Amino acid sequence: MIIDGHNDLVSRIWRNEDVRHVHLDDAAEAGFAGGFFALYVPSPAPAPPTTVHYALPLPDPVPREEAARVAEAEYEIFCSLPVELATAAEDFRPDRVAAILHIEGAEPLAPDLSDLGTWYDRGLRSLGLTWSRANAFAEGVPFRFPSTGDTGPGLTDAGKALVRRCDELRILVDLSHLNEAGFWDVAELSSAPLVATHSNVNALCASSRNLTDPQLDAVGKSGGVVGINFAVSFLREDGHNDADTPLAEIVRHAKYIADRIGVDHVAFGSDFDGALMPAELDGIAALPKLVEEFRRAGWDEDAVEKLTHRNWQRVLGETWR
Ligand code: ZN
């Protein structure tokens, strides 16, 4: 059974683009039990980097009214998917797909948090403060290579209030896309395990989107988890957006995290339908091939089970209790 930390199926459907990776018809055979399904308000796609090293500017902020309108439309799409809403760790079962309602970038929310309760009642159980763009709550990382995530200021007062409220409601606060100052603010404010749903290791691929060793250590100490992102530009040592990237790159990042903070703190966070994947990993149907790659690399069944679902189940259970 495989639980995954991030996909962009909903925003892909909202944009009328063909589904590339999350073909739900393949779920049963692939053992895909679901995971985090993001509502994401897109920015215009930046021009792809043309240099080996790059520093793309942060996309412009999206006005709240516009973001709220997109989020409503995407919520309707989410509700129309043939999946079960996941609000408890036990909701994930091998015989069906369960979806965590996740907002990637808090722009749709009112800065006074007056609509957070409505979203909670709809089933919202995970929230990324930013998708890189600055908003009323926080600022994320611009896409840079090489760079750490130390790129800007921490949470705003509204952002701190949002994290405290999520802590009370037991909504998971996702650290992926957040800059380093914001990461440490959340680490101080939140009592839940620290979670980066779709990020990798900065020491192996020096993208601003990846976590430094001190950040990984903090995730481990909190009992949290890092979902390994399959996007090739966050995996490769050279940072190139090149699909000719072996599955062993995913194992390399997972092994680094397991060796450094323990095998209890690493899982999958594919970024399916949101990024360029290794050519061999063209959707959920290919997930068993990826799991085989871990077995070939010497991961025993206990470690494979933690990686594929037990770590997510543990962290979700502790966060949502
Ligand atoms: Zn993302």
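Note that the structure is a prediction, hence the values are computed from the model and not measured.

Peer 1: Summarise the nonpolar core; cite the residues concerned and give the values.
Peer 2: One finds Leu162, Phe230 and Trp299 to be the most contacted residues of the largest nonpolar core, which totals 84 residues. Top element by residues in this core is helix α9 (residues 248-261). It accounts for six residues. Excluding anything up to four places from it in sequence, Trp299 contacts Val251, Ala254, Lys255, Ala258, Val263, Val266, Phe294, Val304 and Leu307. By size, the runner-up hydrophobic cluster in this structure holds 15 residues, among which are Ile3, Ala86, Phe92 and Ile100.

Peer 1: Now, about the pattern of salt bridges: what can you tell me, with residues and values included?
Peer 2: All chains considered together, the criterion is met by 19 salt bridges. Asp273 serves as the salt-bridge partner of Arg12, at 3.1 Å between the closest nitrogen and oxygen. Of this pair, Arg12 sits in helix α1 (residues 9-14) while Asp273 sits in the loop between β11 (266-268) and α10 (287-296), placing them 261 residues apart in sequence. On the basis of relative accessible area, Arg12 is assigned to the buried category, the value being 8%. Ionic pairing is found between Arg260 and Asp217, a salt bridge with its closest N-O pair at 2.7 Å. You can see Arg260 sitting in helix α9 and its partner Asp217 sitting in helix α7 (residues 213-221), a full 43 residues away along the chain. The exposure class assigned to Arg260 is partly exposed, which follows from its relative accessible area of 39%. Judged by its relative accessible area of 26%, Asp217 falls in the partly exposed class. Among the ionic contacts, a cluster of salt bridges with common partners joins Asp264, Asp302, Glu305, Lys306 and Arg310.

Cut-off values and rules
Residues numbered from 1 in each chain as written. Predicted model: local features only at pLDDT ≥ 70, side-chain atom pairs only at ≥ 80, totals over all residues. Heavy atoms only, no water. Core = buried A, V, L, I, M, F, W, Y, C linked by side-chain atoms within 4.5 Å. Buried < 20%, exposed > 50% of the residue type's maximum accessible area, 1.4 Å probe, protein only. Helix = DSSP H or I, 4+ residues; strand = E, 2+ residues; numbered from the N terminus. Contact = heavy atoms within 4.5 Å. Salt bridge = Lys/Arg side-chain N within 4 Å of Asp/Glu carboxyl O.

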